[in-house]
Amino acid sequence: MKIKYLILGHAAMTVCFLFLLLSVFSQSRYAALDTLYYNEKLQMLTECVGEQGRSSAEEAFGCRLLYFTDADYKEQMNRLLQSGAVILDYYENGEIVGKAAWNDPTASWEKEQKALLSTSILFLFLFFAAGCLLILAVWHWYVRPFVRLKAFTAQIAKGNLDFPLPMEKHNVFGAFTESFDIMREELKRARESEYRANKSKKELTAGLSHDMKTPLATIKAACEVIQVKEKNPDTLEKVAVIAAKAEMMEKLTDNMLKATLEELEVLRVEPSEESSPVIVDMFAELRYYGEIRLCNEMPECLVLIDKMRLSQVIDNIVSNAFKYAEGAVTVSFKEADGGLYILIRDRGKGVPEEELALLCEKFYRGSNAQGQEGAGLGLYLAKMFMGRMGGGMECGNDEGFFVKLYVKKAG
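Residues numbered from 1 in each chain as written. Predicted model: local features only at pLDDT ≥ 70, side-chain atom pairs only at ≥ 80, totals over all residues. Heavy atoms only, no water.

**A few points about helix α9 (residues 277-284)**
Since the α-helix advances by 3.6 residues per turn, residues separated by three or four positions end up pointing in the same direction. Taken together, the buried positions of α9 are occupied by V278, I279, M282 and F283. End-on, the buried residues of α9 take up no more than an arc of 155 degrees, which puts them together on one face. Contacts from the buried residues of α9 go to β4 (272-275), β5 (292-294), β6 (302-305), α10 (307-324), β7 (329-336) and β8 (339-345). (Buried < 20%, exposed > 50% of the residue type's maximum accessible area, 1.4 Å probe, protein only. Helix = DSSP H or I, 4+ residues; strand = E, 2+ residues; numbered from the N terminus. Arc of directions from axis to C-beta. Contact = heavy atoms within 4.5 Å.)

**Quick look at the side chain of R345**
Tracing the chain through its elements places R345 in strand β8. Residue R345 is classed as buried on the basis of its relative accessible area of 15%. Engagement of the side chain of R345 in a polar contact is seen with the backbone oxygen of D398, the distance being 2.8 Å. Residue contacts for R345: discarding those within four places in its chain leaves A328, V329, T330, D398, F401 and F402. (Polar contact = N/O pair within 3.5 Å; in protein donor to acceptor, adjacent residues only side chain to side chain.)

**Looking at the confidence of the model for the chain**
The predicted structure's coordinates, where accompanied by low pLDDT, should not be read in detail. Residues of the chain with pLDDT of at least 70 account for 71%, and the chain-wide mean is 77. Taken together, the stretch residues 26-33 has pLDDT below 50 and engages in 12 contacts with residues farther than four places along the chain or on a different chain. (pLDDT = per-residue confidence, 0-100.)

**Examining the packing of α10 against helix α12 (residues 378-388)**
Direction vectors running N to C along α10 and α12 enclose 145 degrees, while the axes themselves pass 9 Å from each other. For α10 against α12, the interelement crossing comes out left-handed. Of α12, the residues touching α10 (which contributes R309, L310, Q312, V313, N316, I317 and N320) are G378, L379, A382, F385 and M386. By residue class, the composition of the contact of α10 with α12 is seven nonpolar, four polar and one charged. (Axes fitted to C-alpha atoms, helices over the stretch in contact; angles between N-to-C directions. Left-handed = near helix turned anticlockwise from the far one by under 90°. Nonpolar A, V, L, I, M, F, W, Y, C, P; charged D, E, K, R; others polar.)

**A word on the packing of α9 against α10**
α10 packs onto α9 with a crossing angle of 45 degrees between their chain directions and a minimal axis gap of 10 Å. In terms of their interaxial angle, α9 and α10 are classed as oblique. For the element pair α9 and α10, the recorded crossing hand is right-handed. Contacts between α9 and α10 pair I279, M282 and F283 from the former with K307, L310, S311, I314 and V318 from the latter. Taken together, the residues of the contact of α9 with α10 break down into six nonpolar, one polar and one charged. (Parallel < 35°, antiparallel > 145°, perpendicular 65-115°, else oblique.)

**A look at the environment of L359**
Mapped onto the elements of the fold, L359 is located in the loop between α11 (353-356) and α12. As for L359 and L379, which are separated by 20 residues in sequence, their C-alpha atoms are 6.9 Å apart.

**Some remarks on the packing of aromatic side chains**
Counting across every chain of the model gives four aromatic pairs. When the ring of F68 is compared with that of Y73, the centres are 5.2 Å apart and the planes differ by 85 degrees; the resulting orientation is edge-to-face. Classification of F68 as partly exposed rests on a relative accessible area of 40%. By relative accessible area, which is 15% here, Y73 ends up buried. On the basis of an interplanar angle of 45 degrees and a centroid distance of 5.0 Å, the ring pair of Y341 and Y406 is categorised as tilted. (Phe/Tyr/Trp six-rings, centres within 6.5 Å; stacked < 30°, edge-to-face > 60°.)

**Side note on the sheet that holds strand β2 (residues 86-92)**
What the three strands build is an open sheet, ordered β1-β3-β2; its pairing is antiparallel. The sheet terminates laterally at β1 (64-67) and β2, the two strands that pair on one side only. The sheet shows a mean angle of 30 degrees between the axes of neighbouring strands, direction not considered. Looking at chain direction, β1 and strand β3 (residues 95-102) are connected through four bridges and run antiparallel. Bridge assignment links R64 to a residue of β3, and that residue is A101. Where helix α3 (residues 54-61) meets the sheet, it contacts β1 and β3, and its direction lies at approximately 140 degrees from that of β1. Strands β1, β2 and β3 of the sheet are contacted by helix α4 (residues 73-83), whose axis makes an angle of about 140 degrees with β1. (Pairing = 2+ DSSP bridges.)

**Structural notes on the nonpolar core**
I279, F283, I314, I342, M393 and L405 are the most contacted members of the largest nonpolar core, which has 46 residues in total. The residues touching L405, leaving out its near neighbours within four places in the chain, are V313, I314, I317, L340, Y341, I342, I344, M386, G392 and M393. If you look at the next biggest cluster of nonpolar residues, it comprises 16 residues, including C48, V49, Y67 and A100. (Core = buried A, V, L, I, M, F, W, Y, C linked by side-chain atoms within 4.5 Å.)

**Details of the pairing of β8**
Of all the seven residues making up β8, six are buried; the element is thus mostly covered by neighbouring parts of the structure. Here β7 runs beside β8; their pairing, made up of seven bridges, is antiparallel. Across the sheet, T330 pairs through a bridge with R345, a residue of β8. Taken together, β7 and the strand that follows it, β8, pair antiparallel across an intervening segment of two residues, in which D337 is found at a positive phi of about 55 degrees. As paired strands, β8 and strand β10 (residues 401-408) are joined by seven bridges and run antiparallel to one another. When the bridges of β10 are listed, G339 appears paired with K408.

See the structure below:
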């Protein structure tokens, strides 16, 4: 039963009791004229006269005491009869010696009635207060634990396993609620274990699928160079098979990468101290794409990079440059701001200004990408990798399209 029904039931019972009480005390005037009531008063009056005297007794009981021996007895009796007073025989020592009369027959009764009513109302209040305390005790010790348990199970059903189930020291259901909280903790541990397992699998899939893109792109570029220079038909046929399989594998890795796209952020980046000339070697490995001109010498210093991830970043930028623009790609280096700036520039048409801000968004491909293969993830991943190495990446137009990479110095 809900606690509100207990409260409503108790309130209804109290109101009924109050209504019954008022109905008893709101009887007609004739109830005040009850003979038994006045006979009891008469007996007490007799005792009071004997102890305190006639005047004190009359004042105490609100009545008139008339003796037959009083000079104005008949005159007073006539007045009392005309006023409708209640008149009873007054006895002393077993003999009638006069009359006892109440001029206001309801006054004494109403006085006691009010006193009794006040006592009854006080009792009613205590009854109501005790009932409320009992209801609060039932709520606190028995109902509230189950209300909390209901809210707890609702949160667990929603998958919120961090929702606590408070346990109180004197809770009679302490062991019961503790069992539910132990169940929550076990479910949470099981979910975390499952999450770590799935995360590891997705990390492996995403890492392998993206890491395979770099060697596949190199294989395709090498095949293109061989197809241009080689004249032997048999060799060209074999190279064409290699290029086709490399393209097929590239599509498969793109599909795997898309399947794990929501977990791409788990790709690890582990920067370490490296000598800056290794960056020059990364550009040298991309000579199969086309002509790459280094405009100046690489400053000698130690940089904080993840070699594999930086290689992927450079590979993606250079391959895009040769894919969307014609001619050589120029690269320049500059030491400033506690690191190295690497500026990679092509001489193509560039990217529309309204699209620049979207180039590094997941899945976004510019208007010049129509008819070109790709998933719209290269620059998104490149910017993410650079950020995790403590560096940065910036794209823009300046007589072509350029990408500026910032690599932090070590130390």
